[in-house]
Amino acid sequence: MNIHEYQGKEILKSFGVAIQEGIVAETPEKAIDAAQKLKDETGTGWWVVKAQIHAGGRGKGGGVKLAKTLTEVKERASDIIGMNLITHQTGPEGKLVSKVLIAQDVYYPGESETSEYYMSVLLNRETGKNIIMYSTEGGMDIEDVAEKTPHLIHKEEVDPGVGLQGFQARKIAFNLGLSGKAFKEMTKFVSALYKAYVSTDSSMFEINPVLKTSDNKILAVDAKVNLDDNALFRHSNYAAMRDLSEEDPAETEAAKSNLNFVKLDGNVGCMVNGAGLAMATMDIIKLSGGEPANFLDVGGGANAATVEAGLKIILNDQNVKAILINIFGGIVRCDRVANGVVEAYKNIGEIKIPIIVRLQGTNAEGGKKIIDESGLKVFSAITLKEASDLVQQIVN
Ligand code: GDP
Ligand code: MN
């Protein structure tokens, strides 16, 4: 689950990571109040108005603006709230901005230059260790740095059983070219960041830029946090940070019915019980010349209600030319699933595209009989070969 920058910073702060302070606002009027409050609390002279959407690259897309007066805060907030922000991560359709973060300006002049670094913590699945990636080349597109100058991205692996060691935090601060107060601040920053990542069960924390201010403080200016959905039950306070308006509506609908659904771009919808069988079914669709329109695992207890919810979600997708239902009757009996399909079909009303139902396992023959005798535009199959031949006939 992704969260907004302001929420990510809230989490970071709660673990003692120093951040660029800010207050979120939904209207230009509230933006002025936020700016005034921030000035009282932090003494900031200027502010940055930052669009809150689940995508990076906001600065380049016009979603991050400096404001030098309260009037400018209001103007910039009016410009950004309600805008359709297009960045390299939103896709060409962009994203509607409904909130801004009013943040303190942390790029003020002082005794030394400001510097922007890159830092992220994530899991290296190959080694089963956490990894801290960091670079002196922060602020801009890290993807470019990785591609053109990969030697400028450093990696520090951390054994999750042992945790981040002091020497590792010092090595990172050293490799970033820091000394004195900034060096010390960076070791504290890295330790707190690693603790935040582990304690929240996150899949990724990415801070770009990490800023060294002109008075040698180390701050998180941005925060991209990805929390592991499977661990959210342990963190109800983070689960409440979910912003459904940022998520795919079909996936939200599916989650309500306890369906594991991922929208894809193909033309053959599929409904399957079990994630492994779903993957295999998607392969079969591809081998038959189609492209899967989705991943959908209805879980162990497929019944009429789940089949109906799944069918409705798939049918909403205009690209879908056919649907393949592939159910293995282990816990669930095939005749029950067949009845569920027929019932769902009748409840939904007219379905214009062909549906192929492949039932295998307990009572498979009975299930096939129910489908064949239903008089609906549903094709039955028992073997995978039969099912894939049917898909092939329809999509080619
Ligand atoms: P992103 O573009 O979505 O990654 O958003 P960021 O939060 O990383 O901000 C983009 C850029 O805005 C940063 O790289 C900075 O150059 C600039 N920026 C952020 N905060 C401040 C600030 O307090 N003062 C000034 N002058 N610039 C800032
Ligand atoms: Mn950024």
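It should be noted that the structure appears before, not after, this text.
Quick caveat: nothing in here was measured; it's all calculated off a predicted structure. (Residues numbered from 1 in each chain as written. Chains lettered and ligands numbered in written order. Predicted model: local features only at pLDDT ≥ 70, side-chain atom pairs only at ≥ 80, totals over all residues. Heavy atoms only, no water.)

Draft legend 1. Spatial organisation of the pattern of salt bridges. Scanning all chains against the criterion turns up 26 salt bridges. Two residues, Asp 222 and Arg 58, come together in a salt bridge whose shortest N-O distance is 3.1 Å. Residue Asp 222 is located in the loop between strand 11 (218-220) and strand 12 (224-227), and its partner Arg 58 is located in helix 3 (residues 58-61); the two are separated by 164 residues in the primary sequence. For Glu 75, the salt bridge is made with Arg 76, and the minimal N-O distance between the two is 3.6 Å. For Glu 75, a relative accessible area of 39% gives the class partly exposed. (Salt bridge = Lys/Arg side-chain N within 4 Å of Asp/Glu carboxyl O. Helix = DSSP H or I, 4+ residues; strand = E, 2+ residues; numbered from the N terminus. Buried < 20%, exposed > 50% of the residue type's maximum accessible area, 1.4 Å probe, protein only.)

Draft legend 2. View of the coordination of the manganese ion (ligand 2). Around the manganese ion (ligand 2), the donor atoms from the protein are Asn 208 (O) and Asp 222 (OD), and they sit 2.2 Å away. Linking Asn 208 in strand 10 (residues 202-212) with Asp 222 in the loop between strand 11 and strand 12, this pair joins segments that are 14 residues apart in sequence. Exposure remark for Asn 208: the relative accessible area of 14% places this residue in the buried category. (Donors = N, O, S within 2.8 Å, 3.2 Å for Na, K, Ca; no water.)

Draft legend 3. Up close: the side chain of Asn 294. Among the structural elements, Asn 294 can be located in strand 15 (residues 294-297). Residue classification places Asn 294 among the buried positions, given a relative accessible area of 1%. Here the side chain of Asn 294 touches Cys 270 through a polar contact of 2.9 Å, landing on its backbone oxygen. (Polar contact = N/O pair within 3.5 Å; in protein donor to acceptor, adjacent residues only side chain to side chain.)

Draft legend 4. Structural view of the sheet that holds strand 1 (residues 22-25). Taken in spatial order, the 4 strands of this open sheet run 1-6-2-3, and their pairing is antiparallel. Each having just a single partner strand, strand 1 and strand 3 (64-67) make up the two edges of the open sheet. Along the sheet, successive strands turn relative to each other by an average axial angle of 25°, direction set aside. Here strand 2 (residues 47-51) runs beside strand 3; their pairing, made up of 4 bridges, is antiparallel. Residue pairing in the sheet places Val 48 in a bridge with Leu 66 of strand 3. Its contacts with the sheet put helix 1 (residues 5-14) on strand 1, strand 2 and strand 6 (100-104), and the angle it makes with strand 6 is roughly 50°. (Pairing = 2+ DSSP bridges. Axes fitted to C-alpha atoms, helices over the stretch in contact; angles between N-to-C directions. Contact = heavy atoms within 4.5 Å.)

Draft legend 5. Layout of the packing of aromatic side chains. By the definition in use, this model includes 2 aromatic pairs. Taking the centre distance of 6.3 Å and the plane angle of 40° together, the rings of Tyr 194 and Tyr 197 count as tilted. One end of the pair, Tyr 194, and the other, Tyr 197, are both in helix 7 (residues 180-199), 3 residues apart, so they sit about a helical turn from each other. Look at Tyr 194 and you get buried, because its relative accessible area is 7%. (Phe/Tyr/Trp six-rings, centres within 6.5 Å; stacked < 30°, edge-to-face > 60°.)

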